[in-house]
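A look at the structure
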Amino acid sequence: MFALRHLRLPSAMHFRSSYAVAATTKHMLLRRPARVLIGDPSDWDRPQIQIQDISSRCSSTATEPAKSLTPVEELLAAAKPYAQLMRIDRPIGTYLLFWPCAWSIALSADAGCWPDLTMLGLFGTGALIMRGAGCTINDLWDKDIDAKVERTRMRPLASGQISQFDAIVFLSAQLSLGLLVLVQLNWQSILLGASSLGLVITYPLMKRVTYWPQLVLGMAFNWGALLGWCATQGSVNLAACLPLYLSGVCWTIVYDTIYAHQDKLDDLQIGVKSTALRFGENTKAWLSGFTAAMLTGLSTAGWACDQTLPYYAAVGIVGAHLVQQIYSLNIDNPSDCAKKFLSNHQVGLILFLGIVLGTLLKSDETKKKTQTTLTTSTASSYVPSLPQKPEVIS
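What this report covers is the structure whose coordinates are included nearby. Since the model is a prediction, treat every value here as computed from it, not as a measurement. (Residues numbered from 1 in each chain as written. Predicted model: local features only at pLDDT ≥ 70, side-chain atom pairs only at ≥ 80, totals over all residues. Heavy atoms only, no water.)

Next up on the list: the overall build of the chain. Counting secondary structure elements, the chain contains 18 helices and 0 strands. A total of 394 residues make up the chain; the buried ones form 38% of that total. In the chain, the share of contacts with a sequence separation of at least 24, taken over all contacts with a separation of at least 6, comes to 74%. Carbon and sulfur atoms make up 65% of the accessible area of the chain, which amounts to about 23,900 Å² in all. (Helix = DSSP H or I, 4+ residues; strand = E, 2+ residues; numbered from the N terminus. Buried < 20%, exposed > 50% of the residue type's maximum accessible area, 1.4 Å probe, protein only. Contact = heavy atoms within 4.5 Å. Areas by Shrake-Rupley, 256 points an atom, 1.4 Å probe, with all protein chains shown as cover.)

Structural data, given as C-alpha cells:
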C-alpha cells in the first residue's frame, strides 16, 4: 500500500499542478487588458483596430525619401531672394517714388479734366521697376555695411543668398525694363528721365562723405515732379514744377530722417553719416523747418497752376499730418520711427486727391472768369451811336 501510495503521489501532484496550470491559463485567457473607454458608449463593444508598432512606423518614415518640389515651387523658391532684393514685400518705397510723378501729371491736366490715366499707369510701372533697381544698386554698394546692421543683415546680398554677379545681372534686367517704359514717352522726357540715373547711382555713396545723403535721395526720388509734366505737355513749366520739386525734396528729408533714426546707433559704430545724426536732439526743429518750406512750395505751385479751394485744403491737411508726425515722434524708439515713416504714404495720397479735385473744380471757375472777362470787354467796347441829323434834300 505504501508503495502504491508512493507511486500515486506523483500522479496526484501532476494532476493538481496540471489543473492549476489549466485553471490559471483559462483565467488568463478570460481576462482582458484594462481599457480607457472614450467616446460614444455604443462604440465601446466594437472590435479594436490593430495599432502598428510605433518604432516600426518611425523607422519606415525615416527611410522615406524627401518630398520633391514641383517646378512652380522651385521657381518661387529661386525667385524669392530677388523679390526681397527689390523690396517687393515693402511697397512703401514705390509709393513714395510714385506720388511726385502723380502730383505733376495731375497738375498738368487741363481745367475740368481728370489726369491722364495712361501716364499714371506708365509712371506707376516705372516707379515699381526703378525703385527695385535703386534698391539693388544700394545693396551692391552697401553689402558689407548691411551685414553689420541688425535691421539689414538678412538682406539677400549681405546674407550671401545672392552673389554679386547675379545681382549685377538682375540689375541689368531691371534697367532694361525701366528703359522700355521710358521710351513710351516723348523725346524730351526720355532725355530728362535718363539724366536722373546719375543721382540714383551715386546716392548710396553720399552717406560715406556727407551728413546730407537724404538731400541727394530727395533730388532722385522727386525727379518725377519734373518728368510727369514734361511727359504730358512736352516741356517743363518751371513756374509750377520747380516749387513742386523742391517741396518734394523737403518732404523726402523729413520722412527719410525719421527713417534713419532707426539705425543711428549702428551708423555711429560703422561710421555712416545721415541727417538723423546731423540733427540729433534738434531733429524736431529741423523737420519743422523743412515742413514749412514744403508747404510754401506747394502753395506756390498751386498759385502758378490757378488751383482752387480743394487743393489748398489738401495742403492744409498735409501740413497738419506732418506736424502730428513730428511732434508725436520718439526718435529713440525704432518702432515709432518706422510707423511714422510708413504714414507718409497718406501724405502723398491726400495731396494727389486735392490736386485732382482742385483741377476738376477749375472748369467752373474758369468759365465764370471767362464770362466776366467777356462781359467787361463787351461793355467797354460798346459805344452807343448818336442819332445823326437827317440830310436835307434841297
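Let's pick the thread back up.
With that out of the way, let us pick up helix 7 (residues 164-182). Its 19 residues give helix 7 an end-to-end C-alpha distance of 27 Å, which sits within 8% of 27 Å, the value for a rise of 1.5 Å per residue. Ala167, Phe170, Leu171, Gln174, Gly178, Val181 and Leu182 are the residues of helix 7 that are buried. Each buried residue of helix 7 lies within a common arc of 125° when the element is viewed along its axis, so the set occupies one face. Residues of helix 7 that are exposed and angled more than 90 degrees away from the buried face: Phe165 and Leu180. Considering only its buried residues, helix 7 is in contact with helix 3 (71-85), helix 5 (117-141) and helix 8 (187-194). (Expected span 1.5 Å × (residues − 1). Arc of directions from axis to C-beta.)

With that settled, consider helix 3. Residues three or four positions apart in an α-helix share a direction because the helix packs 3.6 residues into each turn. If you check helix 3, its first and last C-alpha atoms are 22 Å apart, about what 15 residues at 1.5 Å a residue would give, namely 21 Å. Where helix 3 bends most, the angle comes to about 35°, and this point is alanine 79, followed within four residues by the proline proline 81. Directly after helix 3, the chain includes arginine 87, whose backbone phi takes a positive value near 60°. (Bend = angle between axes of the 7 residues up to and from the residue.)

When you line up the elements, serine 274 lands in the loop between helix 13 (264-270) and helix 14 (275-279). Dropping the residues within four chain positions of it, serine 274 is found in contact with Tyr211, Pro213, Gln214, Ala260 and Asp267.

Looking now at the layout of surface pockets. Considered as a void within the structure, the second largest pocket measures approximately 180 Å³ in volume. Together, Gln84, Arg87, Asp89, Arg90, Arg151, Thr152, Met154, Arg155 and Pro156 line the second largest pocket. Taken together, the residues of the lining of the second largest pocket sort by class into 2 nonpolar, 2 polar and 5 charged. (1 Å grid on protein atoms, 1.4 Å probe; cavity = no way out; pocket = protein on both sides within 12 Å on 5 of 7 lines; lining within 4 Å. Points joined across faces, edges and corners; volume = space filled by probe spheres on them. Nonpolar A, V, L, I, M, F, W, Y, C, P; charged D, E, K, R; others polar.)

For the pair helix 4 (residues 92-107) and helix 12 (residues 238-260), the least separation of the axes is 11 Å and the interaxial angle reads 160°. With respect to helix 12, the element helix 4 is oriented roughly antiparallel. As for the relative orientation of helix 4 and helix 12, their crossing is right-handed in sense. Seen from helix 4, the contacting residues are Leu96, Trp103, Ser104 and Leu107; seen from helix 12, they are Cys241, Leu244, Trp251 and Tyr255. When the residues that make up the contact of helix 4 with helix 12 are grouped by side-chain class, the tally is 7 nonpolar, 1 polar and no charged. (Axes fitted to C-alpha atoms, helices over the stretch in contact; angles between N-to-C directions. Parallel < 35°, antiparallel > 145°, perpendicular 65-115°, else oblique. Left-handed = near helix turned anticlockwise from the far one by under 90°.)

A contiguous nonpolar surface patch, about 360 Å² in accessible area, is contributed by Leu177, Leu179, Leu180 and Val183. Tracing the chain through its elements places valine 183 in the loop between helix 7 and helix 8. (Patch = residues over 30% accessible without salt bridge, like charges linked within 9 Å, V, L, I, M, F, W, Y side chains within 5 Å. Salt bridge = Lys/Arg side-chain N within 4 Å of Asp/Glu carboxyl O.)

Before going further, it helps to spend a moment on the pattern of salt bridges. For the coordinates displayed, the defined rule picks out 9 salt bridges. With its nearest N and O atoms 3.0 Å apart, the salt bridge here joins aspartate 142 to arginine 208. Taken together, the residues span a long stretch of sequence, with aspartate 142 in the loop between helix 5 and helix 6 (143-146) and arginine 208 in helix 9 (residues 197-209) at a distance of 66 residues. A salt bridge links arginine 151 to aspartate 263, with the nearest nitrogen and oxygen atoms 2.3 Å apart.

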